[in-house]
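For reference, the chains in residue letters:
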Amino acid sequence: MACISSEPTERYSFAAGPAMLPSAVLTQIQNELPDWNHSGFSLLEQPFTSPAFKQLMAETEQNLRKLLSAPHNYRVLFVQGGASAQFGLVPLNLLRTGQSADYLESGHWARKAIMEARRHAPINVIASGSAEHFTALPALEDWRCNPNAGYCHITSNETGNGLQLQQFPDLPIPLVADMTSDIFTRPIPVERFGLIYASAQKNLGVAGLCLLIVRNDLLRPPRPSLPSALSYAVQAEQQSRFNTPPTFALYVAELMLRWIRNQGGLTAMAAASEAKSRQLYRCIDQSDLFRCRQPIAHRSKVNVCFELREPRLLPAFLVEAEQHGLHHLVGHAAVGGIRASLYNAMPMAGVNRLVEFMTRFERIHG
Ligand SMILES: Cc1ncc(COP(=O)(O)O)c(C=O)c1O
């Protein structure tokens with residue numbers, strides 16, 4: 001965890017990303033940085049084509065597959081450009097010219113994905129939470145899917161709106177998910193998806209790496225206008241080494257995967273997310289000062305978004321929180337309010353400290 005050694009108390013970052021790293025992972029990075037793998041060079045200086053780095057990539061893929069129980073008919077790709085680049089690359093890679101795609105408009109990030117996809121293909125919004133100002137998810141029964149669409153896109157966790165899908169439908173067309181903010185926080189049925197993509201900087205390390213898990217039959221020859229480095233099929237054929245992969249971010253992802261495994265895997269991560277979020281939501285629900293608008297069944301276990309009934313107290317809340325070692329609690333710029341991101345590296349002690357602080361803040365200002 002982000003502990004500055006000269007500080008008397010531990011500090012916790014509730015940032016939505018890049019997020020905290022476990023202290024064990026930070027220490028390992030620090031220790032290994034000057035001389036990685038007894039090579040005499042730092043990891044930052046390793047050629048990505050060296051046998052040692054290729055082995056690191058292979059082990060990262062193996063560990064990731066094991067943790068997710070990913071079936072053999074899926075390829076794992078490590079690319080750059082973040083999830084935002086995938087917003088455009090998903091239609092360019094998966095759709096035939098003129099083919100449409102279905103999108104669930106669940107919040108801020110789904111909307112961004114839709115806007116970008118619309119530049120490349122006809123997009124059908126199957127259901128939208130915008131009527132509720134994205135404080136609730138559209139019910140599964142209300143999704144109006146098109147059986148002829150090339151795929152159906154969902155955002156498993158709306159990082160800015162504090163909404164998380166708890167179930168994934170079994171669809172006749174490929175299900176595509178942006179899992180940037182909740183991958184590796186719970187077990188997922190990979191076999192239900194055609195494609196899963198996620199940036200790494202929340203639950204799997206640092207910025208620069210985007211992970212793709214794609215079903216083999218969706219790896220099609222790229223359309224002529226698509227640059228080769230951005231083609232899933234080309235990257236799959238080249239083991240994610242068509243161009244230089246984000247080497248440092250890959251190394252940190254491997255350390256994170258080992259850390260997750262040592263904590264007990266995804267079942268343990270899910271139990272921890274459940275316990276941490278339950279503790280914080282209980283504090284909010286019992287309060288007269290704080291309020292969470294999201295219905296209980298839709299609430300995110302990783303991004304707890306809430307507000308003050310008296311918004312004028314927000315600046316004081318944020319300043320006093322920092323004085324208590326509780327950082328980056330401000331809500332998403334497009335949403336406002338308060339957001340506590342409880343990713344894998346956030347310990348229960350951080351949540352306890354936040355709850356104590358909120359209770360005291362309410363006693364003084366409420
Ligand atoms: C759900 C979701 N999708 C996409 C993104 C964009 O990721 P990136 O900035 O790595 O492109 C984010 C970033 O917070 C996110 O939370």
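Residues numbered from 1 in each chain as written. Predicted model: local features only at pLDDT ≥ 70, side-chain atom pairs only at ≥ 80, totals over all residues. Heavy atoms only, no water.

**Topic: the pairing of strand S5 (residues 152-155)**
The two faces of S5 match: Cys152 and Ile154 on one face and His153 and Thr155 on the other face are all buried. Inspection of the sheet shows strand S3 (residues 101-105) paired to S5 by two bridges, in the parallel sense. Considered in S5, the bridge of Tyr103 is made with His153. Note that S5 and strand S8 (residues 175-178) share four bridges and pair parallel. Considered in S8, the bridge of His153 is made with Val176. (Buried < 20%, exposed > 50% of the residue type's maximum accessible area, 1.4 Å probe, protein only. Helix = DSSP H or I, 4+ residues; strand = E, 2+ residues; numbered from the N terminus. Pairing = 2+ DSSP bridges.)

**Brief notes about the site of the ligand**
Close to the ligand lie 13 residues, the nearest being Ser84, Thr159, Asp178, Ser199 and Lys202. One of the side-chain nitrogen or oxygen atoms of Ser199 is found 2.6 Å away from an oxygen atom of the ligand. Between the ligand and Lys202, the relevant distance is 2.7 Å, taken from an oxygen atom to a side-chain nitrogen or oxygen of the residue. The fraction of the free accessible surface of the ligand (390 Å²) that becomes covered by protein chains is 84%. The dominant element in the shell around the ligand, judged by the number of residues it contributes, is helix H3 (residues 82-94), at four residues. Considered class by class, the residues forming the shell around the ligand number three nonpolar, eight polar and two charged. (Near = heavy atom within 4 Å. Polar contact = N/O pair within 3.5 Å; in protein donor to acceptor, adjacent residues only side chain to side chain. Areas by Shrake-Rupley, 256 points an atom, 1.4 Å probe, with all protein chains shown as cover. Nonpolar A, V, L, I, M, F, W, Y, C, P; charged D, E, K, R; others polar.)

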